[in-house]
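Now for the letters of each chain:
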There are 4 protein chains.
Amino acid sequence: MRNVAVIGDGNVEPGSELYDVAFEVGKLIAKRGYVLVCGGLYGVMEAAAKGAKMGGGLTVGILPGYEFNANPYIDVQIPTGMYQARNVLVVASSKVIIAVGGSYGTLSEIGHALKLGKKVIGYKTWGIEGVECFSDAKIFLANLCEALEFRS
Amino acid sequence: MRNVAVIGDGNVEPGSELYDVAFEVGKLIAKRGYVLVCGGLYGVMEAAAKGAKMGGGLTVGILPGYEFNANPYIDVQIPTGMYQARNVLVVASSKVIIAVGGSYGTLSEIGHALKLGKKVIGYKTWGIEGVECFSDAKIFLANLCEALEFRS
Amino acid sequence: MRNVAVIGDGNVEPGSELYDVAFEVGKLIAKRGYVLVCGGLYGVMEAAAKGAKMGGGLTVGILPGYEFNANPYIDVQIPTGMYQARNVLVVASSKVIIAVGGSYGTLSEIGHALKLGKKVIGYKTWGIEGVECFSDAKIFLANLCEALEFRS
Amino acid sequence: MRNVAVIGDGNVEPGSELYDVAFEVGKLIAKRGYVLVCGGLYGVMEAAAKGAKMGGGLTVGILPGYEFNANPYIDVQIPTGMYQARNVLVVASSKVIIAVGGSYGTLSEIGHALKLGKKVIGYKTWGIEGVECFSDAKIFLANLCEALEFRS
């Protein structure tokens with residue numbers, strides 16, 4: 001199995017545009033046969049995990065503390081007790097990282113991902129050189145499909 | 001899903017007693033419906049993962065470097081790039097830790113596990129106070145069955 | 001003692017503008033009585049440490065691997081063996097972070113620093129919202145002086 | 001400068017035997033010109049840091065959380081936010097590790113230290129093969145003096 005990581009805004013609510021896009025991202029990842037890895041908590045992480053379960057996939061949540069407090073759509077919980085440093089683990093887990101929105105935590109993950117030579121595809125996220133960034137959901141999802149054809 | 005971690009000697013070869021016992025441990029974990037988490041490499045880690053796959057289970061390998069270099073029985077690879085500190089992640093992942101043989105790396109994991117209040121059950125491993133330790137394979141596996149009835 | 005962290009481009013050579021500015025930053029940190037913390041290697045890290053030693057200060061290098069391979073201007077070497085995750089440690093060490101140039105590693109540090117609520121002052125670095133960023137060396141150093149008047 | 005790490009029981013009180021021995025250890029480390037590195041908190045860590053300051057030395061505390069909450073004898077505070085994983089950092093910092101008493105956290109550190117090929121000298125601590133262990137304070141301190149003659 002190969003992983004694809006989803007990172008992004010942990011505060012968006014169900015019904016918001018970013019939540020809906022993250023849900024589609026998760027579903028698409030699962031349907032292509034990848035394991036979804038994320039930070040295990042809420043907002044974009046929850047939406048992507050929910051989408052992945054809807055798509056019949058497996059979900060892994062790499063959690064900040066020692067508690068098993070993932071959102072209900074996470075199959076495998078990996079508590080770390082490393083807080084900020086857990087961001088490194090999320091991006092190290094995958095060759096392709098999908099960023100949906102996001103604030104400073106997401107920015108740190110984008111930095112680590114690009115440093116590690118990962119492919120980063122973003123939707124309405126930090127416009128960092130090296131990130132393939134989109135602001136039209138349809139074009140983003142179409143490009144994502146193509147990117148997920150990668151073979152390790 | 002809930003995880004059970006297996007730690008131990010990374011150098012034992014197929015055919016050795018510790019390898020065989022770790023294989024049985026992995027099978028038992030899988031048959032009880034738990035996800036097997038381990039360090040993803042060789043020896044006891046490989047044996048337990050092989051057993052878990054034979055038992056129809058899911059296996060997660062938390063790897064020391066950034067490479068996806070797990071043994072062939074690992075389903076989900078989590079590279080960390082944190083080397084020694086990855087030992088903390090292995091034991092943080094689970095409420096029950098099974099130690100089969102093992103040297104100083106295993107010792108560090110036993111220390112972290114007991115500090116974090118985890119249950120540690122061992123077979124021919126470090127005789128540390130707080131570890132439920134066995135040297136008869138049959139009695140060990142019988143006790144393991146009982147321990148895996150835990151409910152979180 | 002209180003720490004101030006310097007992050008930035010690890011590849012700039014002595015004689016380049018960023019090297020010279022980082023040297024001044026290090027000297028200024030030392031003269032104000034702060035401990036300089038950095039990643040311990042080359043480029044901006046070396047320049048700042050060299051400046052801090054010239055300013056009579058103490059320097060700490062938080063290193064990526066397990067080797068004691070800091071530049072010659074580091075007094076206290078802290079090897080981590082955590083590679084990317086060591087970036088978190090550099091910014092966690094200080095309430096004020098100074099960024100001089102820098103690529104993706106620096107970007108990850110800026111993300112972590114802002115997430116942790118640190119003050120980030122930059123010279124010709126990533127133009128991230130929340131970073132007080134300058135491109136004129138004199139104005140930058142003058143503002144730095146003021147920022148280092150902080151009291152914890 | 002070269003570091004020597006002191007690990008051990010975080011709960012012993014001033015006036016207890018372990019506290020007094022750790023104080024002597026710290027003083028001795030400082031007098032030989034080494035930097036004392038420890039976990040920065042209380043008990044043995046505080047005693048060793050206090051001794052090192054009395055010996056005119058420099059002290060570094062590698063802290064579990066993000067708070068700057070070291071004991072008053074720590075010069076350089078390194079908050080990590082990595083909790084258990086900070087134990088790895090304490091032992092990675094030094095070629096010689098001194099253990100005074102200690103429970104499961106100390107056990108994890110001894111495991112990591114021996115795995116990393118460090119020299120571990122202990123006083124009334126875990127009787128692990130590979131640890132040079134003493135239970136007579138005078139003999140322990142005499143041996144420590146000799147061990148600290150090491151050259152890197």
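What comes next is a walk through the structure. (Residues numbered from 1 in each chain as written. Chains lettered and ligands numbered in written order. Predicted model: local features only at pLDDT ≥ 70, side-chain atom pairs only at ≥ 80, totals over all residues. Heavy atoms only, no water.)

1. Notes on the overall build of chain A
1) Next: For chain A, the count of helices and strands is five helices and seven strands.
2) Next: Each helix and strand of chain A, ordered N terminal to C terminal, gives the series β-α-β-α-β-β-α-β-α-β-β-α.
3) Next: On C-alpha atoms alone, chain A measures out to a radius of gyration of 13 Å, which is about the 15 Å that the 2.2 N^0.38 rule sets for 152 residues.
4) Next: Summarising its shape, the C-alpha atoms of chain A cover approximately 40 × 30 × 30 Å along the three principal directions.
5) Next: Expressed as a percentage of its 152 residues, the buried residues of chain A come to 66%.
6) Next: Looking at chain A as shown, the accessible area adds up to about 5300 Å², and 49% of this sits on carbon and sulfur atoms.
7) Next: Side chains of chain A carry 14 positive and 14 negative charges; the gap between the two charge centres is 8 Å. (Helix = DSSP H or I, 4+ residues; strand = E, 2+ residues; numbered from the N terminus. Rg over C-alpha atoms; globule rule 2.2 N^0.38 Å. Buried < 20%, exposed > 50% of the residue type's maximum accessible area, 1.4 Å probe, protein only. Areas by Shrake-Rupley, 256 points an atom, 1.4 Å probe, with all protein chains shown as cover. Lys, Arg positive; Asp, Glu negative; His and termini not counted. Charge placed at Lys NZ, Arg CZ, Asp CG, Glu CD.)

2. Overview of the interface of chain B and chain A
1) Next: Every contact between the two is made by 24 residues of chain B and, on the other side, 24 residues of chain A.
2) Next: Joining chain B to chain A, the criterion identifies zero salt bridges.
3) Next: Taken together, chain B and chain A are joined by two residue pairs in polar contact (both at pLDDT 80 or more).
4) Next: The greatest single-element share of the side of chain B that touches chain A, amounting to four residues, is contributed by strand S4 (residues 76–79) of chain B.
5) Next: Residues belonging to the side of chain B that touches chain A are distributed by class as follows: 16 nonpolar, five polar and three charged. (Contact = heavy atoms within 4.5 Å. Salt bridge = Lys/Arg side-chain N within 4 Å of Asp/Glu carboxyl O. Polar contact = N/O pair within 3.5 Å; in protein donor to acceptor, adjacent residues only side chain to side chain. Nonpolar A, V, L, I, M, F, W, Y, C, P; charged D, E, K, R; others polar.)

3. A few points about the relation of the copies chain B and chain A
1) Next: The two copies are related by a screw operation: chain B maps onto chain A through 180° of rotation and 0.0 Å of translation along the axis, at an RMSD of 0.0 Å. The relationship between the two copies is best expressed as a two-fold rotation axis.
2) Next: Taken as a fraction of all interface residues of chain B, those also at the interface in chain A reach 100%, which identifies the copy contact as same-surface. (Least-squares fit on C-alpha atoms with pLDDT ≥ 70 in both.)

4. Describing the packing of aromatic side chains
1) Next: If you walk through the whole model with that rule in mind, you get 14 aromatic pairs over all chains.
2) Next: The interplanar angle of 65° and the centroid separation of 5.4 Å between the aromatic rings of Tyr83(A) and Tyr83(D) together place this pair among those described as edge-to-face. With Tyr83(A) in the loop between strand S4 (76–79) and helix H3 (86–92) and Tyr83(D) in the loop between strand S4 (76–79) and helix H3 (86–92), this residue pair bridges two chains.
3) Next: Under the relative-accessibility criterion, Tyr83(A) is labelled partly exposed at 30%.
4) Next: Ring centres of Tyr104(B) and Trp126(B) lie 5.9 Å apart, and the angle between their planes is 25°; on these two criteria the pair is classed as stacked. (Phe/Tyr/Trp six-rings, centres within 6.5 Å; stacked < 30°, edge-to-face > 60°.)

5. Side note on the relation of the copies chain A and chain C
1) Next: Of the two same-sequence chains, chain A is brought onto chain C (RMSD 0.0 Å, axial shift 0.0 Å) by a rotation of 180°.
2) Next: The overlap is high: 100% of the interface residues of chain A also sit at the interface in chain C, so the same surface is used on both sides.

6. Quick notes on the pattern of salt bridges
1) Next: Counted under the stated rule, the structure contains 19 salt bridges over all chains.
2) Next: Here Glu17(A) and Lys124(A) are joined by a salt bridge, their closest N and O atoms 2.9 Å apart. With Glu17(A) in helix H1 (residues 17–31) and Lys124(A) in the loop between strand S6 (119–123) and strand S7 (131–134), the pair connects residues that are 107 residues apart, well separated along the chain.
3) Next: A relative accessible area of 41% means that Lys124(A) is categorised as partly exposed.
4) Next: Taking the shortest distance from any N to any O, the salt bridge between Lys119(D) and Glu132(D) comes out at 3.5 Å. You can see Lys119(D) sitting in strand S6 (residues 119–123) and its partner Glu132(D) sitting in strand S7 (residues 131–134), a full 13 residues away along the chain.

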